[in-house]
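Read off the chains here:
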Amino acid sequence: MQQEKYDVVVIGAGIGGLGTGALLAKQGYKTLVVEKRDFVGGRFSSYEYEGFTLPTGAVTVHYKGTETEQVFKDSGADLELVDAPELFYRMGGKDYKMPAKGSLGVGLDIVSKLEEDKTKVLGGFAKAMSKEKIMGAFRLGTKDPEKERGLTFKDWLLQYTDNEMAHGIFDTIVGTLAAAHSYEISASAVFSFFVAMKGFRDVAIPPRGNRVNMENLAKVVKTNGDVWVNCPVKRIMVGGGRAKGIVVEKDGQEIQVDAQVIVSDIGPKATVALAGSDNFNEDYLRDIRMKLKPKSVTMVFVASDRPLWPENGEAAVLMVVGARRITSTIPLSSVSPQLAPPGQHLLFAFGSPVSCEVRMDEEVEQGQILKDLQEQFPLFEKHGRVLKFDSRDIDSDLPEMRCRVGEGMSTDTPIKNLYNVGDACPITGYTGSNAAAETAIRVSKVIQKQYKPGKS
Amino acid sequence: MAQQKYDVAVIGAGLGGISAAALLSHWGYKTLVAEKRDAIGGRWSNYDYEGYWLPAGALALLYHGTETEEIFNEVGAETEFVRVPRVSYRIGGKDWEMPDKGAIGAMLDIIENITKEKDITSTFNAKKVTEGFHKGIAERDSLGKITLKDYFLKYTDNEMALGIFDTIANTICGAHSYEMQAAAFFTFLVKSRGFRDVSIAPKGNVANIENLAKVVRANGDVWTDCPAKRIVVDGGVAKGIVVEKNGQEIEIASQIVISNAGPKATVELAGEQKFEEDYLADVRLKLRPHPVTVCFVASDRPIWPEDGAPAYQMIVGARRITSVVPLSNISPHFAPPGQYLTFCFCGPLTNEVHMSPESEKEQILLDLKEQFPLFEKHGRVLKMVYKDVDDDLPEMRARCGEGLSTDTPITNLYNVGDGCSTYGYSGSNLATASGKRVAEAIRSSIKPEKG
């Protein structure tokens, strides 16, 4: 078998893996990143589809002051993003523009107003919902997130109100930001998230797709190593409790690559499968079963011959409260016209199934989403069509998220020089690309402390 | 306003309300039960539909050795029940009859065989999971709040194995394994002695509850078509109720008010401002009704078991159906001559949101076609009953092991029914246990008025 030698081998070119690879290559480690797919980026990438540029996963990026920004800065790679400035909430069938700060309070005000109006029409009592009480409790929650560990976020809110629209607002926000329903995430995770993300601001999208950004990171790796695509890893070689290297398939040939350190960005489950489950203790395997509960989602891309929302073609983000499946939509081509062919428009909608405890039924999900599109966007039937449904089930190779916010695994494994990176190993309150980027920074620092380049 | 006087006024003639009323009447309390519907029984009633005798709620229940039996015995009311002779499980598309003891272990063994047939490298270990099950039973009081699914994830992530527990949880508690606590599940299994002695009323539960209502009538009244308009509260004490009867409001003065309308409705009837915020928060938080769809299938021959034998089956791994009871095989009373009635209990994926009847229906129809080869040729859906999370008569008012106290912040006002918690209980026995508890509390603190 052909043999190669690197300081570091990274399996998987997602933002966690490629981020780690770029940071270490920049620091002088001879690094190989291997990717089984034919493109880099994993869920932080994009592809061409009928002339449109579609995201493979992450649609929006929070970048100002985040770890995602830091990975690109520290490795000297360009990160192209444009802001999607306006935020709207759709409640009770109407769109409300939100301020950059304090949108939660404004949302709850609107709920109160809508309930009052309903009461005027129907008679009876307004459904009690005290905004001050909820906001006060929310602020308390963000001060001491750990306190609410035992409750789901929905249960936490039920202490104060059972108003369905108020619950809907939170479910939509949590669903959009943390990709989880309010009943599938702990209150403490939501509060930690708000603390970590400093609210819902500076949403940006990559104007030409994230693949461009990830190729910039790949270039950094290539200055002191290699990035191989179309190269599935066959196994991680383990001996005497240490990882020795990997066997990877390249152009139909198996190649053995020895390394001081192995970093896996394919999720802890796949890492175990490659290294062999008998190399891991029962506690670690149990943690994998219990802590990795992937979130499922259906991403919907809608093509149209005129903007479906907002109808004037403005750049904006819409959070939809109380729809069947859709929790947020972004008119991608209104933010960046390059994402659609000339004269065409591209709208993205995020469709969340009712439970991520069981597999989704794609037919049911797509049927419900279609109804949402018809109900929410009057122009859809005449001017739009579903370009693509992209369903990511709980057992998908690339799920929406590998674990729920507030859960997940350590980046360490029972094998000393084998690390996991990616969104299965987030720190408290982190999710999505920033969770993955943070693991890249954390693991690359650990490696810099413990291993010197060029020793292999 | 017309006025009347009773010792006890009971709102709602469900099993909890009638149980409390029957006990109290039997003990000498003059009792009125006011029911807004035109029939008594609530979810313990039956109705005629195209000649079929359909249950409104409870179907198969644990009777022997339960509070339900104690109440019927105490007041001398007759019951008619037949024991379902055969409980089987459908796993991997095959039906397996289970021994009375060690059924879980036997099922896990079956799964190990199926799994290894499919994948020789499978590491699924039935013995390990069975040990986990027994450990759960033994340590049920110290499991904390872990869900049933998470508890078994400690031992395995085999979908079929997790499916067994999900199916059992759904059948006995109307909840998915990820929506109920492991401790409540294990406690239920211990208290129900393994959920083996399952009884069905051959003429419907309404025939049995009617016997309890007779006991009430011997020392009081049961009014149907009489909605309660409000509960009269004065200085933190319940003084009676106002009901509507034949278009007239009547004030019923009573020493005690018992509500079987569910704690939420109780609060609305007494006025939200009469309750402190902690209690209202509990009502919101602890009453999490389970949605369910009950599908009645009519057929011109038995669709399962095809030999027409009485039986009961739990199905592991179907889309929605978790249990099936061939009702007319158990008692011909349930179907017109020459026709057959099969009951299918179907759980939507979550109890956190409203169900979508159209997608439930689609999925259940697919289940019927996939699970019962005779369905397409010989059967038809007679009726789908969707009980959503906000249904007035939900499958269960609270998750198994949760629920409220029978006491309320208002003196002399009690709740009964399945919104009240008795740890490890579910369904009918939850209702009768609460009725018995409240009746006994009243008996020990308040005497019936003479004359």
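Bear in mind the structure is a predicted one, so any value in this text is a computation, not a measurement. Here the residue numbering is sequential within each chain, running from 1 through the sequence in written order. Written order determines the labels here, with chains lettered from A and ligands numbered from 1. Only residues with pLDDT of 70 or above have their local features reported here, since the model is predicted, and side-chain atom pairs are shown and tallied only from 80 upward, although totals for entire chains, interfaces and linings are computed over all residues.

**Description of the overall build of chain B**
Alright, step 1. Secondary structure counts use DSSP, requiring at least four H or I residues in a row for a helix and at least two E residues in a row for a strand, with both numbered from the N terminus. Across its full length, chain B holds 14 helices and 19 strands.
Alright, step 2. The globule rule is 2.2 Å times the number of residues to the power 0.38, and the radius of gyration it is compared with is taken over C-alpha atoms. Its C-alpha atoms give chain B a radius of gyration of 23 Å, near enough to 22 Å, the size a compact globule of 451 residues would have.
Alright, step 3. Whether a residue is buried, exposed or partly exposed follows from its count of other C-beta atoms within 10 Å of its own C-beta, namely 20 or more, 12 or fewer, or something in between, respectively; the C-beta atoms are built from the backbone. Of all 451 residues assigned to chain B, the portion counted as buried reaches 55%.
Alright, step 4. Contacts here follow a simple rule: the backbone-placed C-beta atoms of the two residues must lie within 7 Å. Partitioning the intrachain contacts of chain B with sequence separation of at least 6 by distance along the chain shows that 69% fall at a separation of at least 24.

**Concerning the sheet that holds strand β6 (residues 82–83) of chain A**
Residue and element names in this part refer to chain A.
Alright, step 1. Overall, antiparallel pairing links the three strands, which are arranged β5-β9-β6 in an open sheet. The sheet terminates laterally at β5 (61–62) and β6, the two strands that pair on one side only.
Alright, step 2. One requirement defines pairing of two strands: DSSP has to find at least two bridges between them. Here β5 runs beside strand β9 (residues 203–205); their pairing, made up of two bridges, is antiparallel. From the neighbouring strand, His-62 faces β9, where its bridge partner is Val-203.

**What about helix α1 (residues 15–26) of chain A?**
Residue and element names in this part refer to chain A.
Alright, step 1. A helix is expected to reach a length of 1.5 Å times the quantity of its residues less one. Here α1 is 12 residues long and its end C-alpha atoms lie 16 Å apart, about the 16 Å a rise of 1.5 Å per residue gives.
Alright, step 2. With 11 of 12 residues buried, α1 is to be regarded as a mostly interior element.
Alright, step 3. Of the residues making up α1, those classed as buried are Ile-15, Gly-16, Gly-17, Leu-18, Gly-19, Thr-20, Gly-21, Ala-22, Leu-23, Leu-24 and Ala-25.
Alright, step 4. Within two residues after α1, Gly-28 carries a phi angle of roughly 95°, on the positive side.

**Some remarks on the domain arrangement of chain A**
Alright, step 1. Where each domain starts and ends comes from a domain assignment, either automatic or drawn from a database. According to the domain assignment, chain A contains domain 1 (2–45 + 209–292 + 401–450), domain 2 (103–197) and domain 3 (295–392).
Alright, step 2. Inter-centroid distance (C-alpha atoms) of domain 1 of chain A to domain 3 of chain A is 32 Å.

**Section: the nonpolar core**
Alright, step 1. Joined through C-beta atoms within 7 Å, a set of buried Ala, Val, Leu, Ile, Met, Phe, Trp, Tyr and Cys residues constitutes a nonpolar core. Ranked by size, the top nonpolar core spans 139 residues in total, and within it Ala-9 and Ile-18 of chain B carry the most contacts.
Alright, step 2. It is helix α6 (residues 159–173) of chain B that provides the largest number of residues to this core, a total of eight residues.
Alright, step 3. When neighbours within four sequence positions are excluded, Ala-9 of chain B is seen to be in contact with Leu-32, Ala-34, Gly-240, Ile-241, Ile-252, Ser-254 and Val-257 of chain B.
Alright, step 4. Grouped together as the second largest cluster of nonpolar side chains are 134 residues, Phe-44, Ala-77, Tyr-160 and Ala-340 of chain A included.

**Considering the interface of chain A and chain B**
Alright, step 1. Contact with chain A, which involves 17 residues of that partner, is made by 16 residues of chain B.
Alright, step 2. Counting residues per element, the ones that place at least two in the side of chain A that touches chain B are α5 (153–158), α10 (282–291) and α12 (362–376) of chain A.
Alright, step 3. Of the residues that constitute the side of chain A that touches chain B, the class distribution is six nonpolar, five polar and six charged. Under the scheme applied, nonpolar residues are Ala, Val, Leu, Ile, Met, Phe, Trp, Tyr, Cys and Pro; charged residues are Asp, Glu, Lys and Arg; polar residues are all the others, including Gly.

**Observations concerning helix α9 (residues 268–275) of chain A**
Residues and elements named next belong to chain A.
Alright, step 1. Summarising burial for α9: six of the eight residues are buried, a large majority.
Alright, step 2. Within the span of α9, buried status applies to Pro-268, Lys-269, Thr-271, Val-272, Leu-274 and Ala-275.
Alright, step 3. The inward-facing, buried residues of α9 abut β11 (233–239), β13 (253–264), α10 and β19 (418–420).
Alright, step 4. Two residues or fewer past α9, Gly-276 is found with a positive phi of approximately 95°.

**Comments concerning the pairing of strand β14 (residues 297–304) of chain A**
Residues and elements named next belong to chain A.
Alright, step 1. Most of β14 sits inside the fold, with eight of its eight residues counted as buried.
Alright, step 2. Residues Val-297, Met-299, Phe-301 and Ala-303 of β14 are buried on one face, and the alternating residues Thr-298, Val-300, Val-302 and Ser-304, pointing to the opposite face, are buried as well.
Alright, step 3. Across eight bridges, β14 lies against strand β18 (residues 384–392) in antiparallel orientation. Within β18, the position partnered with Met-299 by the bridge is Asp-390.
Alright, step 4. For β14 and strand β17 (residues 345–351), the ladder comprises seven bridges, and the chain directions are antiparallel. Across the sheet, the residue bridging to Met-299 is Phe-350, located in β17.

**Concerning the confidence of the model for chain B**
Detailed reading of the predicted coordinates is not advisable wherever pLDDT falls low.
Alright, step 1. Residue-level pLDDT values for chain B average 94, and 100% of them are 70 or greater.
Alright, step 2. Among the scores for the predicted complex, ipTM is 0.89 and pTM is 0.92. In predicted models, pLDDT denotes the confidence assigned by the predictor to each residue on a 0 to 100 scale.

**A short note on the domain arrangement of chain B**
All names here are of chain B.
Alright, step 1. As assigned here, chain B comprises domain 1 (2–81 + 203–287 + 396–445), domain 2 (101–191) and domain 3 (290–387).
Alright, step 2. Here the C-alpha centroids of domain 1 and domain 3 sit 30 Å apart.
Alright, step 3. Contacts between the two partners involve 11 residues from domain 1 and, on the opposite side, 13 residues from domain 3.
Alright, step 4. Residue contributions to the side of domain 1 that touches domain 3 peak at three residues, all from strand β4 (residues 52–55).

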